[in-house]
Amino acid sequence: MIRHVSLSPWWAEGEILSGRMDVEEVFEATARMGVTAVDIQEAFLDLSPHPDPRTVHKLRSALARTGLAALSCWFYSDVLGAVAATSIDATACHLERYLAITAQFGARYLVIQNGEPPAEVTHQRARSNLLAIYDRIAPFAEECGVVVGMEAARAASAFNSPLGALDVVDQFDSPWVTLVPDFEAWRLPSESLPNVYVENPQMKQPDPLDASDFERCLVRAPLVHAKFLQVGPDGSDANYPGHELLALVRDDPGEHDISVEYEGWLPEILPQQDPLRAAQAAVAFVRSFA
Amino acid sequence: MPIGTVSWIAEGMLGDSAMNVLSNAGPEPVGVAIEIRNQFFHGSHPLGWLRDIRMQLDETPVARLEISFLLDGHHLTVDQVRQTTGLWWQPRQVAHVIIARPGGVAPGTHAVELEMDVSTFFFTPEIDRNDSYPTMTLRLEGAVDVRTRPERLLR
């Protein structure tokens, strides 16, 4: 069952960075689409590392003015890298700050990434570190009323893939630590699209997962990340098995929220396409399954 | 993180005007400052996310010790930038890259090439002090118009 559908402001990142729109204008445009929820991006918060209180106030006022709810807060994370560079305590402190920020916005989910284990860290040690981190922050997550979601967007990765993250989530077995499967892990190969990722240009896009993998993930995925790159006339994206995946969410007896993300504005994809119209079409497509 | 190889909007990052800069040390310019706007996708980060800065001015490489970075009134060498966690560069915020030049440079058009190595360690509040992670290189080039009147940017 699909409960809430939010739109990530990522569709307007190119507009924001180029100075053509500000965050408030993005919220207003989102509300005009008939969308009722957004995802708050780390870059909106003027972190240093704490968010600027004025900025938080302005964001919350803008949300209230436009009638938008914050469904989730997203932070760039590499939990395993942070543990290796600092410590479990230091990493957990940062994540607890993210939980508190998420609670300030009244958002349900904090979305982070596990990252890849550094070369000198064994798989077993990395898994143990992740479990230790989530063991540290889960009580505070519950106190904040915020569900932690591991964004899993790489088809092949020890802990950044849906199945790799699912293993950790299953082991931890808590409603406060969940999985956010990203359609990207199901993206079909295409000669017209980049087959590398910014965080690891050495890794070529692996073979996509299949629908049965997505179904397995749904049990632990109250939030699903629906990504779009090239939106067609009906709002679907031929690069992903969107119809199949969204039908699985719709037909699953559990409740699921969906965060829609349009990324076709990237300079290497379709910078000439109107990102607002593409995002709107993507949202309409997802909502057709609700 | 996005797909692809680009993690910024390059167009508009490098300012098209520059200025000779004065310091409190005296009446003569000590260098030239070029504006750079943060248009990185990973926009909000400690300055130490920048792992190296290289420049060419009028097709001549600038010595590393002659390059510095000015943000929010804080003036740092490249080596200091790499170690900085307490000063953050925010999305759309303008900083200056300064090339030390006693007396400044002649007003008018100059060719600038700027390269910045940015970290692929994406846990935002921490920096990759040991350069354990690969970097991505942002390369910007353009013609900047150095204004006639110098500015007192350095305190």
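It should be noted that the structure appears before, not after, this text.
Residues numbered from 1 in each chain as written. Chains lettered and ligands numbered in written order. Predicted model: local features only at pLDDT ≥ 70, side-chain atom pairs only at ≥ 80, totals over all residues. Heavy atoms only, no water.

Trainee: Quick question: what am I supposed to make of the interface of chain B and chain A here?
Mentor: One frequently used descriptor of interface size is the decrease in accessible area upon assembly of the parts. Of the residues lining the interface, 28 residues belong to chain B; the matching set on chain A comes to 43 residues. Counting each side, the surface lost to burial between chain B and chain A is near 3000 Å², with a carbon and sulfur contribution of 66%. Sorting the residues of chain B by area buried against chain A places Ile3, Phe41 and Phe123 of chain B first, and these three jointly supply 26% of that buried surface. At the boundary of chain B and chain A, one finds zero salt bridges. Between chain B and chain A we count 10 residue pairs in polar contact (both at pLDDT 80 or more) in total. Across the side of chain B that touches chain A, the residue classes break down as 16 nonpolar, 10 polar and two charged. (Contact = heavy atoms within 4.5 Å. Buried area = accessible area lost by both parts, 1.4 Å probe. Salt bridge = Lys/Arg side-chain N within 4 Å of Asp/Glu carboxyl O. Polar contact = N/O pair within 3.5 Å; in protein donor to acceptor, adjacent residues only side chain to side chain. Nonpolar A, V, L, I, M, F, W, Y, C, P; charged D, E, K, R; others polar.)

Trainee: How should I be thinking about unusual backbone geometry in this particular structure?
Mentor: Where the residue is not glycine, phi is negative for most of them; where a peptide bond is considered, it is trans in most cases. In this chain, serine 48 of chain A is followed by proline 49 of chain A through a cis amide linkage whose omega measures -5°. Inspection of the secondary structure assignment puts proline 49 of chain A in the loop between β2 (37–41) and α3 (53–66). At aspartate 173 of chain A, a position not held by glycine, the phi torsion is positive, near 55°. With respect to the helices, strands and loops of the structure, aspartate 173 of chain A is situated in the loop between α7 (162–172) and β6 (177–181). Residue classification places aspartate 173 of chain A among the exposed residues on the basis of a relative accessible area of 53%. We note that aspartate 72 of chain B has phi near 55°; this positive angle belongs to a residue other than glycine. Relative to the assigned elements, aspartate 72 of chain B resides in the loop between β6 (67–71) and β7 (74–77). (Helix = DSSP H or I, 4+ residues; strand = E, 2+ residues; numbered from the N terminus. Buried < 20%, exposed > 50% of the residue type's maximum accessible area, 1.4 Å probe, protein only.)

Trainee: Would you mind going over the nonpolar core with me for this structure?
Mentor: In globular proteins that are soluble, nonpolar side chains generally tend to be buried together. The biggest cluster of nonpolar side chains holds 115 residues, and the ones touching the most others in it are Trp11, Phe27, Phe105 and Tyr134 of chain A. Ranked by residue count, the leading element in this core is helix α6 (residues 123–144) of chain A, at eight residues. With near-sequence residues (within four places) excluded, phenylalanine 27 of chain A lies in contact with Pro9, Val38, Ile40, Phe44, Leu59, Ala62, Leu63, Thr66 and Leu68 of chain A. One finds Met55, Leu114, Phe122 and Leu140 of chain B within the second-largest nonpolar core, a separate group that totals 38 residues. (Core = buried A, V, L, I, M, F, W, Y, C linked by side-chain atoms within 4.5 Å.)

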